[in-house]
Amino acid sequence: MTPNPVFVAIDTSDLEYARALAARLKPYIGGVKLGLEFFSAHGPDGVRAFAGIGLPIFLDLKFHDIPNTVAGAVRAATNLGVDILNVHAAGGPTMLKAAVEAARGVKADTKVIAVTVLTSLADADLEAVGQRGPAAEQVARLAGLARQCGLDGVVCSAHEIAMLRATLGPDFLLVVPGIRPKGADLGDQQRVMGPREALDAGASILVIGRPITAAPDPVQAARAIAESLGFS
Ligand code: C5P
């Protein structure tokens, strides 16, 4: 059976709360995503504390620096035992290859994925930083580069899934935030998609935060999503 594709975004700096929540959600989720807020507050010890729960971890720190520095950061992150980590594709081919090589040197099955264009950037923002738009074309260009450089996948928005799946083949990981089950609050997400729709479009992993973490009963919310996807 394929593993549950739902990774819960734990966007809190409260370690004990986060750990306890993840432990309760464990039967209904496929993993957790720990990001910059969590890592800035708790660092490697916080990640190790999570590793003890036994859920796959996506460490979302979006490394972007010179190849040697990114390779060192990737090595250190892989040594923490995380299952997925990410870098910015805009760091360029040498940096991307260095990141993959560094991860493989520590643990062969840690997935290295790339961020293409942050979804907070509009076409005008790309122009302001000298990147060639429109954003959708830049996403396709950077995702193709990531694949050529040996990365395992990309983070992408729901409306990019179909285009990237068609061009990058069946095995490339598409990790998708901005997922909202029917009736859930949009929060600050603009263009969302339901979990079932996103999987049908070709998503590999669904990153879901507030629809679970801010629900009155997070366990019930996670269970309902799992059941809607056939994991129960
Ligand atoms: O609470 P919500 O489901 O919106 O959480 C989505 C998670 O995915 C957050 O951790 C957010 O930072 C992250 N993310 C996103 N959109 C992107 C990239 C990452 O929402 N384009």
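Look above for the structure.
As a starting point, this report considers the structure included with it. (Residues numbered from 1 in each chain as written. Predicted model: local features only at pLDDT ≥ 70, side-chain atom pairs only at ≥ 80, totals over all residues. Heavy atoms only, no water.)

Focus on the sheet that holds strand β3 (residues 57–63)
Selection criterion: Pairing between two strands is assigned when DSSP locates at least 2 bridges connecting them. Under the scheme used here, helices are H or I runs from DSSP no shorter than 4 residues and strands are E runs no shorter than 2 residues, and both carry numbers assigned from the N terminus. For helices, the axis comes from a line fit to the C-alpha atoms of the stretch in contact; other axes are also lines fit to C-alpha atoms, and the angle between any two N-to-C directions lies between 0 and 180 degrees.
If you trace the 8 strands once around the closed barrel, you get β1-β2-β3-β4-β5-β6-β7-β8, paired in parallel fashion. Taking each pair of neighbouring strands and ignoring which way they run, the sheet shows an average axis angle of 25°. Relative to strand β2 (residues 31–35), strand β1 (residues 6–10) runs parallel, the two sharing 4 bridges. Paired with Ile-10 across the two strands is Leu-34, which belongs to β2.

A few points about the site of the ligand
Put simply, the rule is: If a single non-hydrogen atom of a residue is within 4 Å of a molecule or strand, that residue counts as near it. Each polar contact in these results corresponds to two N or O atoms within 3.5 Å; when the atoms are within protein, one needs to be able to donate a hydrogen and the other to accept it, and residues that are neighboring in sequence are counted only if both atoms are side-chain atoms. Surface exposure here means Shrake-Rupley accessible area, sampled with a 1.4 Å probe, where a residue is shielded only by the protein chains that are shown. When residues are grouped by polarity, Ala, Val, Leu, Ile, Met, Phe, Trp, Tyr, Cys and Pro land in nonpolar, Asp, Glu, Lys and Arg in charged, and all others, Gly among them, in polar.
Around the ligand sit Ala-9, Asp-11, Lys-33, Thr-119, Pro-177, Arg-180, Gln-189, Val-207, Ile-208, Gly-209, Arg-210 and Pro-211, and that is every residue in its neighbourhood. For the ligand, an oxygen atom lies 2.7 Å from a polar atom in the side chain of Asp-11. Within the side chain of Lys-33, one N or O atom sits 3.0 Å away from an oxygen atom of the ligand. Surface burial for the ligand is 79%, taken as the share of its 460 Å² of free accessible area covered by protein chains. Elements that contribute at least two residues to the shell around the ligand include exactly β8 (205–208) and α9 (210–213). Partitioned by chemical class, the residues of the shell around the ligand number 5 nonpolar, 3 polar and 4 charged.

Some remarks on the packing of helix α1 (residues 15–25) against helix α2 (residues 36–51)
Here is the rule: Working definition: roughly parallel below 35 degrees, roughly antiparallel above 145 degrees, roughly perpendicular at 65 to 115 degrees, and oblique for all remaining angles. For any helix crossing, the convention is left-handed if the near helix is rotated counterclockwise from the far helix by under a right angle, and right-handed if that rotation is clockwise. Every residue pair with non-hydrogen atoms within 4.5 Å of one another is taken to be in contact.
The interhelical angle for the contact between α1 and α2, taken along N-to-C directions, is 45°, at an axis separation of 11 Å. Judged on the interaxial angle alone, α2 and α1 are oblique. Handedness of the crossing formed by α1 with α2: right-handed. On α2, the residues touching Leu-15, Ala-18, Arg-19 and Ala-22 of α1 are Phe-38, His-42, Gly-46, Ala-49 and Phe-50. Classifying every residue of the contact of α1 with α2 gives 6 nonpolar, 2 polar and 1 charged.

Digging into the packing of aromatic side chains
The geometry of an aromatic ring pair comes down to the distance between the two centres and the angle between the two planes. How we decide: Only the six-membered ring of Trp is used, alongside the rings of Phe and Tyr, when aromatic pairs are assigned; centres must lie within 6.5 Å, and planes under 30 degrees apart are stacked while those over 60 apart are edge-to-face, with the rest tilted. Under the scheme applied here, a residue whose accessible area is under 20% of the maximum for its type counts as buried, over 50% as exposed, and between as partly exposed, the area being computed with a 1.4 Å probe on protein chains only.
Within this structure, the stated rule accounts for 1 aromatic pair. Ring plane angle 85° and centroid distance 5.4 Å describe the contact between Phe-38 and Phe-50, whose orientation is recorded as edge-to-face. Judged by relative accessible area, which is 1%, Phe-38 ranks as buried.

Quick word on the environment of Leu-174
Considering the arrangement of structural elements, one finds Leu-174 in strand β7 (residues 173–176). For Leu-174, a relative accessible area of 0% gives the class buried. Residues Leu-174 and Val-154, spaced 20 residues apart in sequence, show a C-alpha to C-alpha distance of 5.4 Å.

Just geometry here; none of it tells us what the structure is for.
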